[in-house]
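Report on the structure
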Amino acid sequence: LDKKTPTYVIFDTGLSGMAVSEELFEGRNLQARKNREKSLWGEVSVAFETKAGGEEEGQRLVELSARKPITTPLGRDTPWTRFKGNLIVLGLAFLDGN
């Protein structure tokens, strides 16, 4: 991921695996081929901070992961014409056991 480009994550319980922006999918595909990796998406982890209760309690780190999630590219056609960034849609594989 490029630090200059924002990344947005959507949790969708109607999805079983993961869907990612076309650019992320193609970039990961090139990287895996270059490194001769056997799996395009092995162990995938997403970590983010959230407020635990209220502001005075501070933040806590939440990490969700999935092993070899079924992953598809979102495609280039999007209803968001001015959307600039990476989009990752996480499904039930990331919520299983969490």
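Quick caveat: nothing in here was measured; it's all calculated off a predicted structure. Residue indices begin from 1 for each chain and proceed along its sequence in written order. Local features in this predicted model are restricted to residues whose pLDDT is 70 or higher, and side-chain atom pairs enter the listing and the counts only when it is 80 or higher, whereas totals over whole chains, interfaces and linings include all residues. Excluded from the side-chain calculation are hydrogens and water; included are all heavy atoms of the structure.

1. Overview of the nonpolar core
Spelled out, the test is: Here, nonpolar core refers to any group of buried Ala, Val, Leu, Ile, Met, Phe, Trp, Tyr and Cys residues whose side-chain atoms link them within 4.5 Å. Burial here depends on accessible area, computed with a 1.4 Å probe over protein chains only, as a share of the maximum for the residue type. Under 20% is buried, over 50% is exposed, and the range in between is partly exposed. The helix count covers DSSP runs of H or I at least four residues long, the strand count covers runs of E at least two residues long, and both are numbered beginning at the N terminus. The contact rule is simple, with two residues in contact once any of their heavy atoms fall within 4.5 Å.
Ranked by size, the top nonpolar core spans 13 residues in total, and within it Met18, Val20, Trp41, Val44, Ile88, Leu90 and Phe94 carry the most contacts. Looking at this core, the elements that each hand over two or more residues are β2 (18-20), α1 (22-34), β3 (43-51), β4 (59-67) and β6 (86-90). Looking at this core, the element that brings in the most residues is β4, giving 3 residues. Once residues lying within four places of it in the same chain are set aside, the contact partners of Val44 are Met18, Leu64, Ser65, Ala66, Pro69 and Phe94.

2. Description of α1
The condition that has to hold: Given a helix with a known number of residues, its expected span is that number minus one, times 1.5 Å. Summarising the geometry, the arc corresponds to the directions from the helix axis toward the C-beta atoms.
Compared with an ideal rise of 1.5 Å per residue, which puts 13 residues at 18 Å, α1 spans 18 Å between its outermost C-alpha atoms and is within 8% of the ideal. Restricting attention to buried positions, one finds in α1 the residues Glu22, Leu24, Phe25, Arg28 and Ala32. Seen end-on, α1 carries its buried residues on one side only, within an arc spanning 165°. Those residues of α1 that are exposed and aimed more than 90 degrees away from the buried face are Glu23, Leu30, Arg33 and Lys34. Buried positions along α1 lie against β2, β5 (71-73) and β6. Immediately beyond the C-terminal end of α1, within one or two residues, lies Arg36, with a positive phi of roughly 55°.

3. Here's the deal with the side chain of Glu22
Position of Glu22 among the secondary structure elements: in helix α1. A residue is classified by how much of its surface remains accessible, and Glu22, at 14% relative accessible area, is buried. Look past the residues within four positions of Glu22 in its chain and what remains in contact with it is Pro73, Gly75 and Arg76.

4. Looking at the sheet that holds β6
The cut-off we apply is this: For two strands to be treated as a pair, DSSP must find no fewer than two bridges joining them. Axis definition: a line fitted to C-alpha atoms, over the contacting stretch in the case of helices. Angles run 0 to 180 degrees between N-to-C directions.
In space, the 4 strands of this open sheet follow the order β1-β6-β2-β5, with mixed pairing throughout. The open sheet terminates on both sides in strands that have one partner only, identified here as β1 (7-11) and β5. Between one strand axis and the next, the sheet turns by 20° as a mean value, whatever way the strands run. The pairing of β2 with β5 spans 3 bridges and is parallel. When the sheet's bridge partners are listed, Val20 is paired in β5 with Pro73. Across the sheet, α1 is in contact with β2, β5 and β6; its angle to β5 comes to roughly 120°.

Interpretation note: all reported values are geometric properties and have no functional meaning in isolation.
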